[in-house]
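One letter stands for each residue in the lines below.
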Amino acid sequence: MSGKIVNLRTARKRRARTEKAKTGEANAARFGIPKAEREGAARERERTARDLDGHRRERDE
């Protein structure tokens, strides 16, 4: 039973570091879009919605 000797403190720190890196990558994917790009995309969505509404036909009932 000759197993590898592991320092539990460093193993916990290593696990915590990898967990923080994983959550950091997730946050970067969620919040990593620059403000100008976000606002440009919002303007584009508003413009396409406005154009679509302008092309809709009104129904007489």
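The model shown is predicted, which means the values in this text are computed figures rather than measured ones.

With that settled, the discussion passes to the overall build of the protein chain. Secondary structure summary: the protein chain contains two helices and zero strands in total. Against the 2.2 N^0.38 benchmark of 10 Å for 61 residues, the protein chain shows a C-alpha radius of gyration of 26 Å, more extended than a compact globule. Along the first, second and third principal axes, the C-alpha atoms of the protein chain reach 85 × 30 × 15 Å. A burial count over the protein chain gives 2% of its 61 residues as buried.

Below, the discussion takes up the environment of Ala26. One can find Ala26 in helix 1 (residues 8-31). Once the C-alpha coordinates of Ala26 and Arg14 are considered, the two residues, 12 residues apart in sequence, prove to be 19 Å apart.

Scanning the entire structure with this criterion turns up three salt bridges. Among the salt bridges present, the one from Arg47 reaches Glu44, with a minimum N-O distance of 2.7 Å. A residue pair is termed a helical-turn pair when its members lie 3 or 4 positions apart in one helix, as Arg47 and Glu44 do in helix 2 (residues 35-55) at three residues. Under the relative-accessibility criterion, Glu44 is labelled partly exposed at 39%. Salt-bridge contacts for Asp51 lead to Arg47; the nearest nitrogen and oxygen are separated by 3.2 Å. Of this pair, Asp51 and Arg47 both sit in helix 2, four residues apart, which is roughly one turn of that helix.

Quick notes on the rules
- Residues numbered from 1 in each chain as written.
- Predicted model: local features only at pLDDT ≥ 70, side-chain atom pairs only at ≥ 80, totals over all residues.
- Heavy atoms only, no water.
- Helix = DSSP H or I, 4+ residues; strand = E, 2+ residues; numbered from the N terminus.
- Rg over C-alpha atoms; globule rule 2.2 N^0.38 Å.
- Buried < 20%, exposed > 50% of the residue type's maximum accessible area, 1.4 Å probe, protein only.
- Salt bridge = Lys/Arg side-chain N within 4 Å of Asp/Glu carboxyl O.

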